[in-house]
Amino acid sequence: DTGVSQNPRHKITKRGQNVTFRCDPISEHNRLYWYRQTLGQGPEFLTYFQNEAQLEKSRLLSDRFSAERPKGSFSTLEIQRTEQGDSAMYLCATTDSSYEQYFGPGTRLTVT
Amino acid sequence: AQSVAQPEDQVNVAEGNPLTVKCTYSVSGNPYLFWYVQYPNRGLQFLLKYITGDNLVKGSYGFEAEFNKSQTSFHLKKPSALVSDSALYFCAVRDQGGKLIFGQGTELSVKP
């Protein structure tokens, strides 16, 4: 257990529905990252926050995706109008200034 | 652009034998390199990092990695493999913004 928690661990939804995932970081970590991992691939960067500011978004993050970190603590990732191609593991990672990132267990999304 | 390559999809080793998981990188500037391990349906666990200093980096669970600037490699090694080392291993490089760029992963299988 790294100290980063994610909820839910699994989510099954029907195409077209909206879903929201939550990440609770290690408390003193000011940077929070979201990644997406599909089967057989390495994680791919989606977006990151320094405190409450969203500083970078990947081109993978279409306008159906939005992320927030309202008080610089927990973060949410919302996907609107889900598509089957959104099925993946969504990983959250946090860090202070020590370079390594600590990953949560992930949320596995299945869109049917 | 920063990139990482893991040339082997799978590595098979007998328990007690040494193991090597290969990684090569392409970066502009000094590389910040990482190894992570992922067990089934779990998030990624940090193993070790190279930022600067000695080319041989020691990490968790008896793993070590050798940074070779001339060959742009950062291979993961362990002198004596355990069955419990069987997992998916990812090499990553940190870009200037702080996000990690991962290789495609190498499945390590250690047989008794």
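Structure report, in brief. Remember, predicted model here, so these are calculated numbers, not experimental data. (Residues numbered from 1 in each chain as written. Chains lettered and ligands numbered in written order. Predicted model: local features only at pLDDT ≥ 70, side-chain atom pairs only at ≥ 80, totals over all residues. Heavy atoms only, no water.)

Within chain B, the secondary structure is distributed over zero helices and twelve strands. Its helices and strands in sequence order give chain B the pattern β-β-β-β-β-β-β-β-β-β-β-β, from N to C terminus. Relative to the compact-globule value of 13 Å for 112 residues, chain B shows a C-alpha radius of gyration of 13 Å, a close match. Each principal axis of the C-alpha atoms in chain B carries an extent, and together these give about 40 × 30 × 20 Å. The buried share of chain B, taken over its 112 residues, is 48%. Counting only contacts in chain B whose residues sit at least 6 apart along the sequence, the fraction spanning at least 24 positions is 54%. Side-chain charges of chain B comprise 10 positive and 9 negative groups, with the mean position of each set lying 5 Å from the other. (Helix = DSSP H or I, 4+ residues; strand = E, 2+ residues; numbered from the N terminus. Rg over C-alpha atoms; globule rule 2.2 N^0.38 Å. Buried < 20%, exposed > 50% of the residue type's maximum accessible area, 1.4 Å probe, protein only. Contact = heavy atoms within 4.5 Å. Lys, Arg positive; Asp, Glu negative; His and termini not counted. Charge placed at Lys NZ, Arg CZ, Asp CG, Glu CD.)

This paragraph deals with the overall build of chain A. The number of helices and strands found in chain A is zero helices and eleven strands. Starting at the N terminus and walking to the C terminus, you meet the elements of chain A as β-β-β-β-β-β-β-β-β-β-β. The C-alpha radius of gyration computed for chain A amounts to 13 Å, which stays within 12% of the reference 13 Å derived for 112 residues, consistent with globular compactness. By residue count, 47% of the 112 residues in chain A fall in the buried class.

Moving on, we come to the side chain of Lys99 of chain B. Summarising the element assignment, Lys99 of chain B is placed in the loop between β10 (87-94) and β11 (100-102). According to the relative accessible area criterion, Lys99 of chain B is buried, its value standing at 14%. Here the side chain of Lys99 of chain B touches Glu56 of chain A through a polar contact of 2.7 Å, side chain to side chain. Of the polar contacts made by the side chain of Lys99 of chain B, one reaches the side chain of Asp95 of chain B; its length is 2.6 Å. Discounting residues that sit within four places of it in the chain, Lys99 of chain B has contacts with Tyr33, Tyr35, Phe45, Glu56 and Gln101 of chain A together with Val93 and Arg94 of chain B. (Polar contact = N/O pair within 3.5 Å; in protein donor to acceptor, adjacent residues only side chain to side chain.)

For the rest of this paragraph, the subject is the state of the cysteines. Covalent bonding between the sulfur atoms of two cysteines defines a disulfide. All told, the structure shown has two disulfides over all chains when counted by the stated rule. The partner cysteine of Cys23 of chain A in its disulfide is Cys92 of chain A, sulfur to sulfur 1.8 Å. Disulfide Cys23 of chain A to Cys92 of chain A: torsion about the S-S bond roughly -60°, handedness left-handed. Taken together, the positions of Cys23 of chain A in strand β3 (residues 19-24) and Cys92 of chain A in strand β9 (residues 88-95) put the pair 69 residues apart, joining distant regions of the chain. Judged by its relative accessible area of 0%, Cys23 of chain A is buried. When its relative accessible area of 0% is taken as the criterion, Cys92 of chain A is described as buried. A sulfur-sulfur separation of 2.0 Å characterises the disulfide bridge that pairs Cys23 of chain B with Cys91 of chain B. Taking the sign of the S-S torsion, about -65° here, the bridge from Cys23 of chain B to Cys91 of chain B comes out left-handed. Taken together, the residues span a long stretch of sequence, with Cys23 of chain B in the loop between β3 (19-21) and β4 (24-26) and Cys91 of chain B in strand β10 at a distance of 68 residues. The pair formed by Cys23 of chain B and Cys91 of chain B is uniform in burial state, with each residue classed as buried. (Disulfide = S-S within 2.5 Å.)

Take the sheet that holds strand β8 (residues 75-79) of chain A next. All names here are of chain A. With antiparallel pairing, the four strands of this open sheet are ordered in space as β1-β3-β8-β7. The outermost strands of the open sheet, each flanked by one partner alone, are β1 (5-7) and β7 (65-68). Direction aside, neighbouring strands of the sheet carry axes that sit 15° apart on average. Two elements, β7 and β8, share four bridges in a ladder whose sense is antiparallel. Opposite Phe65, over in β8, you have Ile79 as the bridge partner. (Pairing = 2+ DSSP bridges. Axes fitted to C-alpha atoms, helices over the stretch in contact; angles between N-to-C directions.)

Right, let's get into the interface of chain A and chain B. Each side of the interface is counted separately: chain A has 21 residues, and chain B has 20 residues. Both sides together, the interface formed by chain A and chain B hides about 1,700 Å², and carbon and sulfur atoms give 54% of it. When the buried surface of chain A facing chain B is broken down by residue, Tyr99, Glu100 and Phe103 of chain A rank first, second and third, together holding 32% of it. Joining chain A to chain B, the criterion identifies two salt bridges. Notably, a salt bridge pairs Lys99 of chain B with Glu56 of chain A, separated by 2.7 Å at the nearest N-O pair. One can count nine residue pairs in polar contact (both at pLDDT 80 or more) joining chain A with chain B. Per element, the largest residue contribution to the side of chain A that touches chain B is four residues, and it comes from strand β4 (residues 31-37) of chain A. (Buried area = accessible area lost by both parts, 1.4 Å probe. Salt bridge = Lys/Arg side-chain N within 4 Å of Asp/Glu carboxyl O.)

Interpretation note: all reported values are geometric properties and have no functional meaning in isolation.
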